[in-house]
Amino acid sequence: MKRTKLVLNRILQIIPILLIVTILAFVLSNVSAGDVASVTLQSRGVQVTEENLEAVREELGLNAPMPVQYWNWLKKAVCFDFGNSFQTNRPVSEEILSRFPATLKLALAATLISLLMAIPLAVFSARYKDSLFDHAVRAISSIAATMPDFWLGLMLLYLFAVEWKIAPVISGSRTENILFPAFTLSVANTAAYTRVLRSNLLDAARGDYIIAARARGLGKSMALMKHGLKNALLPLITLVGINFGKMLSGQVAVETIFSWNGIGQFAVNCMKQKDLPVIQGYIVVVSITYILINLILDLIYMFIDPRIDSE
Amino acid sequence: MILMSNTPVLQIKNLKTYFYSRDSVVKAVDGVNMEVHSGRITALIGGSGSGKSVMSRSVMGLIDKPGKIVDGEIWLNGRDLRLLSEKEMRKVRGKEIAMIFQEPAAAMNPVVKIKDHLFEAVHTHDRKARRKDKMPAFREVLLGVGLRDPDKILESYPFELSGGMCQRVMVAMGIVANAGVLIADEPTSSLDLTTQISILEELMSLRDAGIAIILITHDLGVVAQTADDMYVMKDGKIIESGTVREVFAAPKHPYTRYLMEPVHVEELR
Amino acid sequence: MIKNTGRKLLRNKSAMFGLMIILILLLMGLFAGRIASHDPTLVDITNKLAPSSKEYPLGTDQMGRCILCRLIYGIEISMFTAIKVTFIILLVGVPLGMIAGYCGGIADNLVMRLADIASTFPSTLLALAVVGIFGPSLDHLVLVFIFLWWAPFARMVRSSVIKLKETEFVMAAEAAGCSRRDIIMKHIFPNTLSPVIVYATLRIAAVITHIAGFSFIGLGSQPPAPDWGVMLNDGRQYIDTHPGMLFWPGLAIVIVVFAFNLFGEGLNDALIPAEEEMAVVKETGDSNE
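Residues numbered from 1 in each chain as written. Chains lettered and ligands numbered in written order. Predicted model: local features only at pLDDT ≥ 70, side-chain atom pairs only at ≥ 80, totals over all residues. Heavy atoms only, no water.

1. Focus on the overall build of chain C
Of the regular secondary structure elements, chain C holds twelve helices and zero strands. When the elements of chain C are put in sequence order from the N terminus, they spell out α-α-α-α-α-α-α-α-α-α-α-α. Each of the three principal axes of chain C carries a C-alpha extent, and together these read 75 × 45 × 35 Å. For chain C, restricting intrachain contacts to residue pairs at least 6 apart in sequence, the fraction spanning at least 24 positions comes to 71%. Taken as a whole, chain C presents about 13700 Å² of accessible surface, with 66% of it coming from carbon and sulfur. (Helix = DSSP H or I, 4+ residues; strand = E, 2+ residues; numbered from the N terminus. Contact = heavy atoms within 4.5 Å. Areas by Shrake-Rupley, 256 points an atom, 1.4 Å probe, with all protein chains shown as cover.)

Structure below.
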């Protein structure tokens, strides 16, 4: 069956990407290999001497040829063993996984807000094309699409937390404070979804089958909703999924502004401290999540759209 | 032969549909008069850009901006469609006039199954209709338009059917709602020759069942084979009309005569 | 055609407004040394967090540096870098797209696979990796943008090349025995440019936002550089007492980005045939060709 072949093909495509990502993460530690030994020593509180460095290199296997080192590292990485964080001395996987739910919650909330706003806006805007409402939606979405999230976040924080004291200055990853960070994250996506959906709907409205449906007696709105929306939503699924995946890599700026303890902010802080095991772990975990989400999306798409099987 | 009733089901008087762009007006339909009778096929023939497709959409009330019907009357079953509200017009579409299109595959939503298309045609005008109750009727209608395996077709998506099968389904959708007038807009020009013939035969048997058919085409051969009355359209105006026999026997307008020279038949495309 | 496009663009008020802002800012950036009266990195602790005055129109920051002067010097980091980066992205993406479209086969497959990977990679992830390898700086960050953003240009060029290859004038040129190079340079390349120019203009705006964003989280320009993102990060601690430190740099970003978008959309209208006119043709022409 064609579909099975497509699915297999799609899964095979992952392999080169995984390879690139793991090599990237591995090279990261090797380019600064001199650092790895001395940083490891420092993190253990041992004096950095030539002798000690040699011992650590031996211990960490840094003297073996590169491919061997990569293979050894990969074997551990497969089991999510990236060693301990230099800063906290706790296992990297633990550090990352404990922060992942916060990032996930934020991404989910932001996606939900975007869709809840974009779908009705786009449908009304397309139905009443060239009306005042349509013009307003288009103008606002073109401004919103250019608004940098970090500045929007700062301004919202200033207005609502400092000036009007409605929201807390520090959100501290608590679900009841999710509205402002999630909204900040959602604005640019809402604008993008509204524009895409509106133009898809307008394209659909020109399609023969909408006119045919109207010739059968369906009202213009009804024909658009019944026959246009599903077809217009399909391409949007990919866009929403990709953005969701990107959000799961951590939204560093928004997490920083609202003191939301997610993985993005954590990874950047570790970067500044040269906490390499964490960075490696972060790159691998995030990439895999990201690849999986893309895979799931493509699979969903293959099963929703009946056309794929016959092509 | 079926006797011609004296009053036409559909009468179009002085219809004008214009399209407006920033600095020009295109008079796609410019003062057309037409009569369509039950149990007859009325052909509307013209070249590309003559306005015949815009005509059919005007009758259905499906002209969107930047187009507009600026003048005229469209009398159907004793009332002028132009005076109806959009809501009343919706009850006319599909129920009193059905329409089939040039690209049958494009005229059906690719992600909606045939049975749901058929059900929509019924449900739009009969809110109480239940899908389950209608299935036997659907099967019968599909058999009626010459589709042999109705159960399989009901469960298919439009893209899984051939162009000819799709067109038969479109005809079936017109029939399930019991429309008295069927507008067929180039129903065969995207199909191969054998399929063309069988679709035309389908239309003729509908005519014999008493339905009024408007057949829009650029193909004089099709007109000669199937139509009873004909109108020749050029630049938004009707330049010649009459029964097919009359017009073919003695074409009055030079353009019609020009079209009938065998060399020029191709040029209509 | 070029004349017509120019006239259309000149008539588009919002595009001209965008272009005017861009030009003014570029000039300000070019002559930053003359316009700004203070050194953007000169620390004067005695004068820190000063309110707006004649000498410091927007006040000073936590190190006593003139905020307005830093904003003006920031133009170079933000706009100049973005324009340069976009140009490099074009230099990478356009030829790759040409090769993929014109040669097809393995070359096409390879380029498109790479484009798929590049266009779905999260930028934060790549930025962390690159900065991790090479250390934090604006120059290294630029690599991330080049790596990620050549892909849409390559795709765009590829699809127009494929369409053009089928057109009669290219086939005629091939039949007449023109060399490959001549065909590509004379017949294909100029015809792929319109969408590329429009998209590049819009892309500059995106690069500007991203430079500021990454500098804000510490992966781009490093203090004391007068980068608008760095300035925003400096201001974060003073959100309750000196919100101006947050407001002005952000406003500068929004204005620049908005100007590029206005201009880009104007270019789009002028270079690419309008949807409205097409619709009219579609509606009035009969559908039987």
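Picking up after the structure, the text goes on.
2. A look at empty space enclosed by the protein
All told, the structure shown has four cavities of 30 Å³ or more when counted by the stated rule. Approximately 80 Å³ is the volume found for the largest cavity. For the lining of the largest cavity, the elements supplying multiple residues, two or more each, are helix 10 (208-215) of chain A together with strand 6 (97-100) and helix 6 (163-176) of chain B. The element best represented in the lining of the largest cavity is helix 6 of chain B, accounting for three residues. For the lining of the largest cavity, the class distribution of residues is eight nonpolar, two polar and one charged. (1 Å grid on protein atoms, 1.4 Å probe; cavity = no way out; pocket = protein on both sides within 12 Å on 5 of 7 lines; lining within 4 Å. Points joined across faces, edges and corners; volume = space filled by probe spheres on them. Nonpolar A, V, L, I, M, F, W, Y, C, P; charged D, E, K, R; others polar.)

3. Some points on the pairing of strand 1 (residues 10-21) of chain B
Residue and element names in this part refer to chain B. With ten bridges joining them, strand 1 and strand 2 (residues 24-36) adopt antiparallel strand pairing. In the sheet register, isoleucine 12 faces strand 2, and the bridge partner there is methionine 34. Turn length for the strand 1-strand 2 hairpin, with the two strands adjacent in sequence and antiparallel, is two residues. Bridging between strand 1 and strand 4 (residues 67-76) involves eight bridges; their strand directions are antiparallel. Its bridge partner being in strand 4, glutamine 11 is matched across the sheet by tryptophan 75. (Pairing = 2+ DSSP bridges.)

4. A word on the interface of chain A and chain C
Tallying the contact residues gives 39 residues for chain A and 39 residues for chain C. Between chain A and chain C the total buried area reaches about 3500 Å² when both faces are included, carbon and sulfur atoms providing 78% of it. Three residues stand out in chain A for area buried against chain C, namely A:Thr146, A:Phe150 and A:Trp151, and they jointly supply 18% of the buried area on that side. Close ionic contact of A:Arg195 with C:Glu265 constitutes a salt bridge, the shortest N to O distance being 3.3 Å. There are four residue pairs in polar contact (both at pLDDT 80 or more) connecting chain A and chain C. Among the elements of the structure, helix 2 (14-31), helix 7 (132-146), helix 8 (149-163), helix 9 (179-206), helix 11 (220-248), helix 12 (252-257), helix 13 (263-272) and helix 14 (276-304) of chain A are those that each provide at least two residues to the side of chain A that touches chain C. Among the residues forming the side of chain A that touches chain C, the class breakdown is 28 nonpolar, six polar and five charged. (Buried area = accessible area lost by both parts, 1.4 Å probe. Salt bridge = Lys/Arg side-chain N within 4 Å of Asp/Glu carboxyl O. Polar contact = N/O pair within 3.5 Å; in protein donor to acceptor, adjacent residues only side chain to side chain.)

5. Concerning the sheet that holds strand 1 of chain B
All names here are of chain B. The four strands lie next to each other as 2-1-4-5, forming an open sheet whose pairing is antiparallel. The two strands at the open ends of the sheet, each matched to only one other strand, are strand 2 and strand 5 (79-80). The sheet strands contacting helix 1 (residues 52-60) are strand 1, strand 2 and strand 4, and the helix crosses strand 1 at an angle near 110°. (Axes fitted to C-alpha atoms, helices over the stretch in contact; angles between N-to-C directions.)

6. Quick look at the packing of helix 8 of chain A against helix 9 of chain A
All names here are of chain A. Running from amino to carboxyl end, helix 8 crosses helix 9 at an angle of 145°, the nearest separation of the two axes being 9 Å. Remark: the crossing between helix 8 and helix 9 carries right-handed chirality. On helix 9, the residues that touch Asp149, Leu152, Gly153, Leu156 and Phe160 of helix 8 are Phe180, Phe183, Thr184, Leu185 and Val187. Along the lines of polarity and charge, the residues of the contact of helix 8 with helix 9 split into seven nonpolar, two polar and one charged. (Left-handed = near helix turned anticlockwise from the far one by under 90°.)

7. Quick notes on the packing of aromatic side chains
All names here are of chain A. In total, this model carries 16 aromatic pairs over all chains according to the counting rule given. Summarising the aromatic geometry, the rings of phenylalanine 160 and phenylalanine 180 are spaced 4.6 Å apart at their centres and angled 40° between planes, so their arrangement reads as tilted. Of this pair, phenylalanine 160 sits in helix 8 while phenylalanine 180 sits in helix 9; the two residues are 20 residues apart in sequence, bridging distant segments of the chain. Judged by its relative accessible area of 22%, phenylalanine 160 is partly exposed. Judged by relative accessible area, phenylalanine 180 falls into the buried class, the value being 19%. (Phe/Tyr/Trp six-rings, centres within 6.5 Å; stacked < 30°, edge-to-face > 60°. Buried < 20%, exposed > 50% of the residue type's maximum accessible area, 1.4 Å probe, protein only.)

8. Describing the sheet that holds strand 10 (residues 237-243) of chain B
All names here are of chain B. The six strands lie next to each other as 6-7-8-3-9-10, forming an open sheet whose pairing is mixed. Pairing within the sheet leaves two strands with one partner each, and these edge strands are strand 6 and strand 10. Strand-to-strand, the axes of this sheet are offset by a mean angle of 15°, without reference to chain direction. Sheet analysis places strand 7 (residues 181-185) next to strand 8 (residues 212-217), joined by five bridges and oriented parallel. What sits directly across from leucine 182, in strand 8, is isoleucine 213. On top of the sheet, helix 1 reaches strand 3 (41-46), strand 6, strand 7, strand 8 and strand 9 (229-234); it is set at about 150° to strand 7, its chief contact.

9. What about the nonpolar core?
Ranked by internal contacts, the top residues of the largest apolar core, which has 146 residues, are A:Trp73, A:Phe150, A:Tyr282, A:Ile283, C:Met79 and C:Leu219. For this core, the element with the most residues is helix 7 (residues 138-165) of chain C, which contributes 15 residues. A domain split of this core shows at least three residues from each of domain 1 (2-92) and domain 2 (99-273 + 294-305) of chain A. Excluding residues that lie within four positions of it along the chain, A:Phe150 makes contacts with A:Ala253, A:Ile257, C:Thr209, C:Ala212, C:Gly213, C:Phe216, C:Leu232 and C:Ile253. Counting 86 residues, the second largest nonpolar core, distinct from the first, contains A:Ala212, B:Met55, B:Leu81 and B:Val232. (Core = buried A, V, L, I, M, F, W, Y, C linked by side-chain atoms within 4.5 Å. Domains from an automatic or database assignment.)

10. A closer look at the confidence of the model for chain C
Averaged over chain C, the pLDDT score is 85; the fraction of residues at 70 or greater is 93%. Between residues 275-289 of chain C, whose pLDDT stays under 50, and residues either more than four places distant or in other chains, the model counts 30 contacts. (pLDDT = per-residue confidence, 0-100.)

11. What about the pairing of strand 10 of chain B?
All names here are of chain B. With six bridges connecting them, strand 9 and strand 10 associate as antiparallel partners. Across the sheet, the residue bridging to lysine 234 is lysine 237, located in strand 10. Between the end of strand 9 and the start of strand 10, which pair antiparallel, lie two residues, with aspartate 235 showing a positive phi angle near 50°.

12. Notes on the pattern of salt bridges
Residues and elements named next belong to chain A. Counting across every chain of the model gives 30 salt bridges over all chains. With its nearest N and O atoms 3.2 Å apart, the salt bridge here joins arginine 174 to glutamate 176. For glutamate 176, a relative accessible area of 59% puts it in the exposed group. Linked through salt bridges whose partners overlap, the residues forming this network are Arg90, Glu94, Glu95 and Arg99.

13. Some thoughts on a positive patch on the surface
A contiguous patch of positive charge on the surface is contributed by B:Arg22, C:Arg7, C:Lys8 and C:Arg11. Mapped onto the fold, C:Arg7 is located in helix 1 (residues 2-11). Judged by its relative accessible area of 48%, C:Arg7 is partly exposed. (Patch = residues over 30% accessible without salt bridge, like charges linked within 9 Å, V, L, I, M, F, W, Y side chains within 5 Å. Lys, Arg positive; Asp, Glu negative; His and termini not counted. Charge placed at Lys NZ, Arg CZ, Asp CG, Glu CD.)

14. Some thoughts on a nonpolar patch on the surface
Taken together, the side chains of A:Leu292, A:Ile296, A:Ile300 and A:Ile304 present a nonpolar region at the surface, about 320 Å² in accessible area. Looking at the element boundaries, A:Ile304 is found in helix 14.

15. A word on helix 4 (residues 131-144) of chain B
Residues and elements named next belong to chain B. With 14 residues, helix 4 should cover 20 Å at 1.5 Å per step; its first-to-last C-alpha distance of 19 Å lies within 8% of that length. Remark: the principal bend of helix 4, roughly 25°, maps to alanine 137. Taken together, the buried positions of helix 4 are Met135, Phe138, Val141 and Leu142. Turning to helix 4, the residues buried within the fold contact helix 3 (114-123), helix 5 (150-154) and helix 6. Of the residues one or two after helix 4, glycine 146 is the one with positive phi, at around 85°. (Expected span 1.5 Å × (residues − 1). Bend = angle between axes of the 7 residues up to and from the residue.)

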